[in-house]
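One letter stands for each residue in the lines below.
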Amino acid sequence: MTKQTTIQLVPLICAAFLASATLLHAGAEAKQPHMESALHYLQDAKKAENPLPLLNSAKEELHRGAHNKHGFRDTSMDIVEAAIALAQSGDRQKTEEKINAAIANIHDAMAHAPGSR
């Protein structure tokens, strides 16, 4: 193999590695349907005039999720419960802040599940 050939192959090898790593990561998250559903409910809750039903659905999906996320799932449920309380009190801004925190925490939960690395 010549130096020129090696130089041409390096970008292709890097691209193939990045593509496979992305697919593996996406595959790991795809195996968590309850966490994915919770994320969708939370995203919709941010846009909803009445987010309470969507927040309750997100909480139910988190409850159904696998207990293999090193406490992140439980923390996400606590954050969603806080968002529900804020929504009930009518504080739209703080509700949205809690929803954003729950979304971020769910992503962390999914990343810490077995098989996601």
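Residues numbered from 1 in each chain as written. Predicted model: local features only at pLDDT ≥ 70, side-chain atom pairs only at ≥ 80, totals over all residues. Heavy atoms only, no water.

Hey, could you go over the overall build of the protein chain for me, with residue numbers and the actual values?
For the protein chain, the helix and strand inventory stands at 5 helices and 0 strands. Moving toward the C terminus, one meets the helices and strands of the protein chain in the order α-α-α-α-α. Residues counted as buried form 29% of the 117 residues belonging to the protein chain. For the protein chain, long-range pairs separated by at least 24 residues make up 63% of all intrachain contacts whose partners lie at least 6 apart in sequence. (Helix = DSSP H or I, 4+ residues; strand = E, 2+ residues; numbered from the N terminus. Buried < 20%, exposed > 50% of the residue type's maximum accessible area, 1.4 Å probe, protein only. Contact = heavy atoms within 4.5 Å.)

Got a sec to walk through the nonpolar core? Specific residues and values, please.
Counting 20 residues, the largest nonpolar core has M35, L42, L55, L62, V80, I99 and I106 as its most contacted members. Those elements that place two or more of their residues in this core are α2 (33-47), α3 (52-64), α4 (72-89) and α5 (92-112). Those residues in contact with L55 that lie beyond four places of it in its chain are L42, A45, V80, A83, I84, A87, T95 and I99. (Core = buried A, V, L, I, M, F, W, Y, C linked by side-chain atoms within 4.5 Å.)

Can you break down α2 residue by residue, with the values?
Here α2 spans 22 Å end to end across 15 residues, near enough to the 21 Å set by a 1.5 Å rise per residue. All of the buried residues along α2 are M35, A38, L39, L42 and A45. Projected down its long axis, α2 shows its buried positions confined to an angular sector of 125 degrees, all on one face. With respect to the buried face of α2, the exposed residues turned more than 90 degrees away are H40 and K47. (Expected span 1.5 Å × (residues − 1). Arc of directions from axis to C-beta.)

Describe unusual backbone geometry, listing the residues and the values that go with them.
Positive phi is not limited to glycine here, since H70 has a value of about 55 degrees. With respect to the element layout, H70 can be found in the loop between α3 and α4. Accessibility expressed as a relative area gives 64% for H70, which makes it exposed.

For α3, give the residues involved together with the corresponding values.
In this model α3 runs 18 Å from its N-terminal to its C-terminal C-alpha over 13 residues, within 8% of the 18 Å that 1.5 Å per residue would give. Taken together, the buried positions of α3 are L55, A58, E61 and L62. Buried residues in α3, looked at end-on, bunch into an arc of 120 degrees, giving them a common side. Considering only its buried residues, α3 is in contact with α2, α4 and α5.

Any chance you could break down the environment of P53 for me, citing the residues and the numbers?
Following the sequence through the fold, P53 ends up in helix α3. Separated by 12 residues in sequence, P53 and Y41 have C-alpha atoms that sit 9.1 Å apart.

Could you give an account of the environment of A58, naming the residues involved and the relevant values?
For A58, the position within the fold is in helix α3. Accessibility expressed as a relative area gives 0% for A58, which makes it buried. Residues A58 and A38, 20 residues apart in the sequence, show an inter-C-alpha distance of 4.2 Å. Beyond its immediate stretch of four places on either side in the chain, A58 contacts A38, Y41 and L42.

Any link to function would need more than the numbers given here.
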